[in-house]
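# Residue-level structural notes
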Amino acid sequence: MHVIQIHAHEPDNLRFETIDMPQPGPGEVLIRNQAAGVNPIDWKTCSGGGASGFIESFPFIPGWEFSGVVEALGEGVSDYKPGDAVLGLVRFPHPAGCYAEQLCVPADQITLRPEGLDATTAAGLGLAGLTAWQALFDKGQLQAGESVLILAGAGGVGHLAVQLAVLEGAQVSATCSAANRNYLTSLGCHQVIDYRDLDMGTLAGQFELILDGVGGDTAIEALITLKPGGRLVTLPSVTAAQVSAAAEGTDVEVISIRVEPNASQLGKLAGLCASGQLKLKVAQVLPLQDAAQAHKLSASGHISGKLILQTG
């Protein structure tokens, strides 16, 4: 089967290669992969950052989210059968190998793909969707009627978080570029703020919750916009300690997050997508062999929506 893998952390390290097909172990299913999502954590890891500390040996196959069809069952698996269409965010942050035509995944980290949800969209839902869900509800404890500010509202996580918060009955504000104002409005966002003209002082004390997709100085400056007892969930791990330190001695809380595989939550997200209540924006679909180009596009910071690799 064909895969994308790296043999070291070095420039231009992605290789399109052929390896033997894996066999499912106990509790696993073999997947005929149809598509894999591309995320910033992918190219950061391949470059020696991100989740590279979890790579125990080379070669390493990137990717943590996929959509495909069950081919075979490992010992002890009874919830699925060959031919089932499924999707998943698997093994994160440990190697999962989703940039491949075939892969073996834990059966308890995948969910059935409902009718009405295509493989391309499903492949991009896992990491961004679960990050948005867990940040808003597990960490942020968002309740109906509360006010939430989403920094980077048009991003991969942000545009899903906007929609989920609206569905929950929250009052949703989000920052973005002027070019994305109408897009976020179309998703139900109640207040769209151009980040270039953002004056945090004008928003002081307005929000119970901030979902921070930016980090650093922007997140620190946003702390003033929280009400007493408010909470900020910060996604960028590289500045999480800095943002948390800035909140020390105040009456607001900073919470960091690392997304975790969760089949139940992913099933709910997939159902919302299939019914049209949640829309994942797919920016571009590229063939598996063009993974290096996908990483360059992602690293540019100018992609609006998810990049997907077509694997089968």
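Here the structure is a predicted model, which is why all the values come from computation and not from measurement.

### Comments concerning the overall build of the chain
- For the chain, the helix and strand inventory stands at nine helices and 15 strands.
- The C-alpha atoms of the chain give 19 Å as radius of gyration, which agrees with the globular expectation for 312 residues (20 Å, within 12%).
- Across its three principal directions, the C-alpha atoms of the chain cover 60 × 40 × 35 Å.
- A burial count over the chain gives 54% of its 312 residues as buried.
- Expressed as a percentage of contacts within the chain between residues at least 6 apart in sequence, the contacts between residues at least 24 apart total 65%.

### Regarding the pairing of strand 6 (residues 102-106)
- Of all five residues making up strand 6, five are buried, and the element is well covered by its neighbours.
- Side chains of strand 6 alternate between two faces, with Gln102, Cys104 and Pro106 and Leu103 and Val105 buried alike.
- Relative to strand 6, strand 3 (residues 28-38) runs antiparallel, the two being bridged by five bridges. In the sheet register, valine 29 faces strand 6, and the bridge partner there is valine 105.

### Re the nonpolar core
- If you look at the biggest cluster of nonpolar residues, it comprises 83 residues, and the most contacted ones within it are Phe66, Tyr99, Leu125, Leu136, Val148, Leu164 and Leu184.
- Broken down by element, this core gets its largest block of residues, eight residues, from helix 3 (residues 126-139).
- Of all hydrophobic cores here, the second largest spans 16 residues; its members include Leu149, Leu203, Val252 and Val254.

### Points about the pattern of salt bridges
- A complete count under the given rule lists six salt bridges for this structure.
- With a shortest N-O distance of 2.8 Å, glutamate 28 and arginine 91 are connected by a salt bridge. In this pair, glutamate 28 is assigned in strand 3 and arginine 91 in the loop between strand 5 (85-89) and strand 6, connecting sequence segments 63 residues apart.
- Its relative accessible area of 18% is what places glutamate 28 among the buried residues.
- Among the ionic pairs, glutamate 65 bridges to lysine 306, the shortest N-O distance being 2.6 Å. Here glutamate 65, found in strand 4 (residues 65-73), pairs with lysine 306, found in strand 15 (residues 306-310); they are 241 residues apart in sequence, far enough to count as distant.
- By relative accessible area, which is 3% here, lysine 306 ends up buried.

### Digging into helix 9 (residues 291-300)
- Inspection of helix 9 places Ala291, Ala294, His295, Leu297 and Ser298 among the buried residues, and these make up the whole buried set. Buried residues of helix 9 fall within an arc of 160° about the axis and therefore sit on the same side.
- Turning to helix 9, the residues buried within the fold contact strand 1 (2-5), strand 3, helix 1 (40-46), strand 14 (282-287) and strand 15.
- One or two residues past the end of helix 9 sits glycine 301, with phi positive at roughly 75°.

### Considerations on the sheet that holds strand 8 (residues 147-151)
- Overall, parallel pairing links the six strands, which are arranged 10-9-8-11-12-13 in an open sheet. For this open sheet the edge positions go to strand 10 (191-194) and strand 13 (253-256), each flanked by a neighbour on one side alone. On average, each strand axis in the sheet is inclined to that of its neighbour by 20°, with strand direction left out of account.
- Pairing of strand 8 with strand 9 (residues 171-176) involves four bridges; the strand directions are parallel. In the strand pairing of strand 9, valine 148 is matched with valine 172.
- In the packing of helix 3 onto the sheet, contacts are made with strand 8, strand 11 (207-212), strand 12 (226-234) and strand 13, and the angle to strand 11 comes to roughly 150°.

### What about the state of the cysteines?
- Taken as a whole and assessed by the stated rule, the structure comprises zero disulfides.
- Of the cysteine sulfurs around cysteine 273, a residue in no disulfide, the closest is that of cysteine 98, at 18 Å.
- We classify cysteine 273 as buried; its relative accessible area is 10%.

### Side note on the side chain of glutamate 146
- You can see glutamate 146 is positioned in the loop between helix 3 and strand 8.
- Residue classification places glutamate 146 among the buried positions, given a relative accessible area of 16%.
- Side-chain polar atoms of glutamate 146 contact the backbone nitrogen of glutamine 143, separated by 3.0 Å.
- Leave out the neighbours within four places in its chain, and glutamate 146 touches Gln141, Ala170, Gln171, Glu208 and Arg231.

### A short note on unusual backbone geometry
- For the bond from phenylalanine 58 to proline 59, the omega torsion is 0°, close enough to zero to count as cis.
- Note on placement: proline 59 falls in the loop between helix 1 and strand 4.
- A cis amide bond, omega 5°, links phenylalanine 92 with the succeeding residue proline 93.
- Note on placement: proline 93 falls in the loop between strand 5 and strand 6.
- Look at aspartate 12: it is not a glycine, yet its phi comes out positive at around 50°.
- Within the secondary structure, aspartate 12 is located in the loop between strand 1 and strand 2 (15-18).
- Within the chain, glutamine 141 stands out as a residue other than glycine whose phi angle is a positive 50°.
- Inspection of the secondary structure assignment puts glutamine 141 in the loop between helix 3 and strand 8.
- With relative accessibility at 43%, the residue glutamine 141 sits in the partly exposed group.

Cut-offs and rules
Residues numbered from 1 in each chain as written. Predicted model: local features only at pLDDT ≥ 70, side-chain atom pairs only at ≥ 80, totals over all residues. Heavy atoms only, no water. Helix = DSSP H or I, 4+ residues; strand = E, 2+ residues; numbered from the N terminus. Rg over C-alpha atoms; globule rule 2.2 N^0.38 Å. Buried < 20%, exposed > 50% of the residue type's maximum accessible area, 1.4 Å probe, protein only. Contact = heavy atoms within 4.5 Å. Pairing = 2+ DSSP bridges. Core = buried A, V, L, I, M, F, W, Y, C linked by side-chain atoms within 4.5 Å. Salt bridge = Lys/Arg side-chain N within 4 Å of Asp/Glu carboxyl O. Arc of directions from axis to C-beta. Axes fitted to C-alpha atoms, helices over the stretch in contact; angles between N-to-C directions. Disulfide = S-S within 2.5 Å. Polar contact = N/O pair within 3.5 Å; in protein donor to acceptor, adjacent residues only side chain to side chain.

By themselves these figures say nothing about function.
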